[in-house]
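If you want the building blocks of each chain, they are given just below.
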Amino acid sequence: MFVVRPRIRDQINFWSLLAIAWGVAAIGVWSWGTRYEFSSHADDSPVPQWPADARLTLAEDRPTLLFFMHPRCVCTRASIRQLEETLTGMGLTDQQQPQLTVVAAIPNETSEAWRDSASVRRIAALPRSEIIWDSGGREASRFGAKTSGAARLYRQDGVLLFAGGITASRGHEGDNLGCDRLRALLCNQVKMPQPSIPVFGCRLCATNEVKAFNATDDDIVRPPHWQWSAVGASP
């Protein structure tokens with residue numbers, strides 16, 4: 001009969017407990033990472049019609065694509081690259097190109113560094129792009145956008161065609177339902193409004209009470225040097 005000595009038994013118990021602890025820790029890290037990657041803030045309140053009190057401009061000759069971003073959100077870099085691929089890498093004609101309005105939500109009091117991030121510079125080079133500095137996220141709130149990376153496509157008559165994210169998860173590039181739907185709408189393959197889909201990213205800088213805000217024209221700045229008519233074009 002084989003008898004396990006106490007010392008050997010203690011060593012076996014130690015390594016067994018260590019293996020169990022390692023497994024639990026690994027599962028915990030995996031669970032946390034997965035939950036973070038696929039977590040999204042509530043972005044389920046897109047406005048179906050262009051708000052009457054919006055201070056953004058709805059294009060009359062083409063659809064208007066709104067892209068809401070947090071200038072310092074690392075996750076949004078993937079959304080910007082997906083947007084870049086959709087607008088410049090899919091062979092859209094000039095007429096199919098939307099008017100791109102990038103709404104960069106920033107705190108009420110912030111430094112110039114917020115306005116000069118790599119993400120801001122990259123998205124400024126996209127076709128027909130205009131960057132709006134949205135102090136306190138007031139315009140984002142008017143359009144029901146709460147998460148960085150949220151996109152809204154509005155028809156010329158102000159009807160919402162698309163609302164949602166354009167990545168499959170946080171910071172993940174590649175094929176995804178959001179880009180597919182957006183591309184189909186821009187190419188006129190689909191003309192009816194599409195169901196909303198989740199947005200994966202950081203929470204925007206936003207205020208809760210838009211109605212209480214008595215705005216002036218200085219609260220949203222449209223710097224001329226951020227308005228581009230084509231990739232690489234100068235003002």
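The shown structure was predicted, so the numbers you read here are calculated from the model rather than taken from an experiment.

A count of helical and extended segments in the protein chain gives five helices and six strands. Listed N to C, the secondary structure of the protein chain is α-β-α-β-α-β-α-β-β-α-β in terms of helices and strands. Sequence-distant contacts, at least 24 apart, represent 80% of the contacts inside the protein chain between residues at least 6 apart. Accessible surface, the protein chain: about 12,700 Å² in total, of which carbon and sulfur atoms supply 56%.

All right, on to the side chain of R152 then. Among the secondary structure elements, R152 is positioned in strand β4 (residues 150–154). A polar contact is formed between the side chain of R152 and the backbone oxygen of F143, at a distance of 3.4 Å.

Counting buried positions over the 10 residues of helix α5 (residues 177–186) gives eight, a clear majority of the element. Regarding α5, the residues found buried are G178, C179, R181, L182, R183, A184, L185 and L186. If you follow the buried residues of α5, they end up packed against β1 (64–69), α2 (76–88), β4 and β5 (160–164). By the N-cap criterion, in which a side-chain oxygen at the helix start approaches the backbone nitrogen of a residue two or three places on, α5 is capped by N176, the distance to G178 being 3.1 Å. Just downstream of α5, N188 is the residue with a positive phi angle, here 65°.

The next point concerns the pairing of β5. For a regular strand, side-chain orientation follows a simple rule: the groups alternate between the two sheet faces. Of all five residues making up β5, five are buried, and the element is well covered by its neighbours. Sheet topology places β4 next to β5; four bridges connect them, and they run antiparallel. Residue pairing across strands places A151 opposite G164, the latter belonging to β5. The hairpin formed by β4 and β5 contains five residues between the paired strands, and G158 there has a positive phi angle of roughly 90°.

All chains considered together, the criterion is met by four aromatic pairs. Aromatic pair W50 and F143: ring centres 5.0 Å apart, planes at 75°, arrangement edge-to-face. On the criterion of sequence distance, the pair formed by W50 in the loop between α1 (6–37) and β1 and F143 in the loop between α4 (138–142) and β4 is long-range, its members being 93 residues apart. Using a relative accessible area of 13% as the deciding quantity, one classes W50 as buried. Taken together, a centroid distance of 6.1 Å and an interplanar angle of 45° make the contact between F68 and F143 tilted. Residue F68 is found in strand β1, and its partner F143 is found in the loop between α4 and β4; the two are separated by 75 residues along the sequence.

How each quantity is defined
Residues numbered from 1 in each chain as written. Predicted model: local features only at pLDDT ≥ 70, side-chain atom pairs only at ≥ 80, totals over all residues. Heavy atoms only, no water. Helix = DSSP H or I, 4+ residues; strand = E, 2+ residues; numbered from the N terminus. Contact = heavy atoms within 4.5 Å. Areas by Shrake-Rupley, 256 points an atom, 1.4 Å probe, with all protein chains shown as cover. Polar contact = N/O pair within 3.5 Å; in protein donor to acceptor, adjacent residues only side chain to side chain. Buried < 20%, exposed > 50% of the residue type's maximum accessible area, 1.4 Å probe, protein only. Pairing = 2+ DSSP bridges. Phe/Tyr/Trp six-rings, centres within 6.5 Å; stacked < 30°, edge-to-face > 60°.

Read these as spatial facts, not as claims about activity.
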